[in-house]
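Fold and contact review
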Amino acid sequence: MKTNFLEIYAALTSDVNSILEKDLPESEKMELCFRTCIDYWNGLKLKMKFEEFASEEEEIHFFKNIKPRFTGEIEYYTQRYHAILFLPADKQSQIDFWEGELGRLNKFFGSYHEFFNYIDSKKTDRDNRYFLRRNSDGSNIAHANVFDMDQQTATSHDWLLTNMIGYEKYKKFVLAEMEQFN
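In this section: the overall build of the chain. A tally of regular secondary structure across the chain gives seven helices and zero strands. Expected size for 182 residues packed as a compact globule is a radius of gyration near 16 Å; at 17 Å, the chain falls within 12% of this value. Out of the 182 residues belonging to the chain, those deemed buried represent 43%. Across the chain, every contact between residues at least 6 apart in sequence was considered, and the portion connecting residues at least 24 apart equals 71%. When the accessible surface of the chain is split by element, carbon and sulfur atoms take 52% of a total near 10,000 Å². For the chain, the separation between the mean place of its 23 positive charges and that of its 31 negative charges on side chains is 3 Å.

Moving on, we come to the side chain of Q79. Mapping Q79 onto the fold places it in helix 3 (residues 56-86). Overall, Q79 belongs to the buried group, its relative accessible area being 7%. Side chain to side chain, Q79 and R104 meet in a polar contact 2.6 Å long.

Glancing now at the nonpolar core. F62, F70, W98, F115, F131 and Y170 are the most contacted members of the largest nonpolar core, which totals 47 residues. Going through the elements one at a time, helix 1 (5-21), helix 2 (26-50), helix 3, helix 4 (91-111), helix 5 (113-120), helix 6 (127-131) and helix 7 (158-179) are the ones with two or more residues in this core. If we skip the residues at most four places from it in the chain, F62 touches F5, W41, M48, F53, K67 and P68.

Okay, the pattern of salt bridges next. Tallied over the entire structure, the rule returns ten salt bridges. For R35, the salt bridge is made with E31, and the minimal N-O distance between the two is 3.5 Å. With R35 and E31 both in helix 2 and four residues apart, the pair spans about one turn of that helix. As a salt-bridge pair, R126 and D125 come within 4.0 Å of each other at their nearest N and O atoms. Among the ionic contacts, a cluster of salt bridges with common partners joins E114, D125 and R126.

What follows deals with the packing of aromatic side chains. Summed over the entire model, instances satisfying the criterion amount to 20 aromatic pairs. A ring pair is formed by W98 and F173, whose centres lie 5.8 Å apart and whose planes are at 75°; its orientation type is edge-to-face. In this pair, W98 is assigned in helix 4 and F173 in helix 7, connecting sequence segments 75 residues apart. The pair formed by W98 and F173 is uniform in burial state, with each residue classed as buried. Where F115 meets F116, the ring centres are 5.8 Å apart and the plane angle is 70°; that geometry is what we call edge-to-face. Of the two residues examined, F115 and F116, each falls in the buried class. What links up through ring pairs into an aromatic cluster is the set F108, F109, Y112, F115, F116, Y118, Y130, F131, W159 and Y167. The residue whose ring lies beneath R69 is Y9, and the NZ or CZ to ring-centre distance is 5.4 Å.

Non-glycine residue K122 carries a positive phi angle of around 65°. Of note, K122 is situated in the loop between helix 5 and helix 6.

A few words on helix 5. Where helix 5 is concerned, the buried positions are F115, F116, Y118 and I119. Buried residues of helix 5, viewed axially, fall in a sector of 155°; they line one side. Facing away from the buried side of helix 5, by more than 90 degrees, are the exposed residues E114 and D120. On its buried face, helix 5 sits against helix 3, helix 4, helix 6 and helix 7.

The next subject is helix 4. For helix 4, with 21 residues, the first-to-last C-alpha span of 30 Å sits near the 30 Å given by 1.5 Å per residue. Within the span of helix 4, buried status applies to Q94, I95, F97, W98, E101, L102, L105, F108 and F109. On an axial view of helix 4, the arc spanned by its buried residues comes to 165°, and they lie on one face. Of the surrounding elements, those touching the buried residues of helix 4 are helix 3, helix 5 and helix 7.

Cut-offs applied
- Residues numbered from 1 in each chain as written.
- Predicted model: local features only at pLDDT ≥ 70, side-chain atom pairs only at ≥ 80, totals over all residues.
- Heavy atoms only, no water.
- Helix = DSSP H or I, 4+ residues; strand = E, 2+ residues; numbered from the N terminus.
- Rg over C-alpha atoms; globule rule 2.2 N^0.38 Å.
- Buried < 20%, exposed > 50% of the residue type's maximum accessible area, 1.4 Å probe, protein only.
- Contact = heavy atoms within 4.5 Å.
- Areas by Shrake-Rupley, 256 points an atom, 1.4 Å probe, with all protein chains shown as cover.
- Lys, Arg positive; Asp, Glu negative; His and termini not counted.
- Charge placed at Lys NZ, Arg CZ, Asp CG, Glu CD.
- Polar contact = N/O pair within 3.5 Å; in protein donor to acceptor, adjacent residues only side chain to side chain.
- Core = buried A, V, L, I, M, F, W, Y, C linked by side-chain atoms within 4.5 Å.
- Salt bridge = Lys/Arg side-chain N within 4 Å of Asp/Glu carboxyl O.
- Phe/Tyr/Trp six-rings, centres within 6.5 Å; stacked < 30°, edge-to-face > 60°.
- Lys NZ or Arg CZ within 6 Å of the ring centre and 35° of its normal.
- Arc of directions from axis to C-beta.
- Expected span 1.5 Å × (residues − 1).

Given below as structure tokens:
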């Protein structure tokens with residue numbers, strides 16, 4: 001595939017930063033960021049459908065390192081929007097909400113700690129199984145987000161990286177929100 005993904009990701013980041021600088025309500029900013037990320041991901045999906053990967057290594061690299069950057073952003077803005085919608089009005093309920101969010105995130109990371117250790121250790125011995133579409137077992141369907149249901153643009157484990165990236169970013173946000181109460 002001849003696409004320069006880093007340039008596309010830089011454009012996405014620039015567009016999102018422009019949105020975040022606007023004088024708009026937070027909910028509108030999150031919606032615009034979400035839509036922008038979706039648009040970029042949909043563009044990449046189209047490229048994937050019409051351009052072949054030059055090798056298995058290139059396909060692995062895409063699903064392990066490139067796609068999760070884009071879809072992780074979508075997940076992050078989904079989580080931020082969720083927080084806006086469900087954040088209670090009173091202080092104690094807000095503290096409870098953020099603690100619940102942190103607990104939910106920690107539970108996710110704990111549930112898949114073996115996979116995340118594999119990723120963090122920079123191992124590659126299971127990459128063929130995890131990040132080649134031909135080896136996908138369809139197990140991702142139960143966990144796939146609505147923007148990521150197309151099996152031509154997904155592998156069995158890239159959804160975990162999507163959530164890892166989105167949730168790590170969201171966790172930093174949650175911790176910053178919790179700091180307000182200390």
